[in-house]
Amino acid sequence: MFTPYKRPLIILGEGARGAPVRQFVEKAGVPVLLTWRALDLLPSNHPLVVGSVGTHAPRWGNFAVQNADFILVVGSRLDTRVTGTPVESFAPKAKVFRVDIDQAELESRHYGGALEDAKTFLSRDVERVDCLDWR
């Protein structure tokens with residue numbers, strides 16, 4: 001599913017609430033952006049938290065998205081408050097992989113994805129994260 005990337009990111013949204021977010025992120029060692037409704041999923045001073053993402057977020061989070069080559073999105077619809085408009089300008093250099101429980105949401109954008117809840121995905125993949133070779 002994953003191949004080595006130089007600038008990976010994880011975007012966590014409200015749908016990741018209740019999942020083993022901290023364990024997954026710390027094992028992956030990948031920078032994290034939080035959507036506005038998920039700002040409390042990890043402490044703002046956590047070393048892997050870059051900040052927030054979207055139209056009302058500080059510049060550095062959006063800069064990270066625009067320069068990423070892979071983005072794992074868990075529990076976020078990626079609506080226009082996150083992507084901005086036009087939607088096609090979101091992460092232009094990145095492969096985006098979404099985890100969502102709503103098939104319609106997965107089909108709403110032309111990204112790859114997994115149809116399952118965040119808790120199941122992150123619980124399973126926290127055990128396999130060493131083999132993802134993000135670096």
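Below, the structure is looked at part by part. Treat the numbers as computed from the prediction; the structure is a model and nothing was measured.

**Let's talk about the environment of Ser44**
Tracing the chain through its elements places Ser44 in the loop between β2 (32-34) and β3 (49-52). Residues Ser44 and Arg77, spaced 33 residues apart in sequence, show a C-alpha to C-alpha distance of 22 Å.

**Quick notes on the environment of Val21**
By the element assignment, Val21 lies in helix α1 (residues 21-28). On the basis of relative accessibility, which here comes to 4%, the residue Val21 falls in the buried class. The sequence separation of Val21 and Leu42 amounts to 21 residues, and the corresponding C-alpha distance is 7.9 Å. Look past the residues within four positions of Val21 in its chain and what remains in contact with it is Leu12, Ala16, Leu42 and Leu122.

**A look at the side chain of Ser52**
Structurally, Ser52 is set in strand β3. One polar contact links the side chain of Ser52 to the main-chain carbonyl oxygen of Leu34, over a distance of 2.9 Å. Look past the residues within four positions of Ser52 in its chain and what remains in contact with it is Leu33, Leu34, Thr35, Trp36, Leu39, Ala57, Pro58, Gly61 and Asn62.

Reading the values: rules and limits
- Residues numbered from 1 in each chain as written.
- Predicted model: local features only at pLDDT ≥ 70, side-chain atom pairs only at ≥ 80, totals over all residues.
- Heavy atoms only, no water.
- Helix = DSSP H or I, 4+ residues; strand = E, 2+ residues; numbered from the N terminus.
- Buried < 20%, exposed > 50% of the residue type's maximum accessible area, 1.4 Å probe, protein only.
- Contact = heavy atoms within 4.5 Å.
- Polar contact = N/O pair within 3.5 Å; in protein donor to acceptor, adjacent residues only side chain to side chain.

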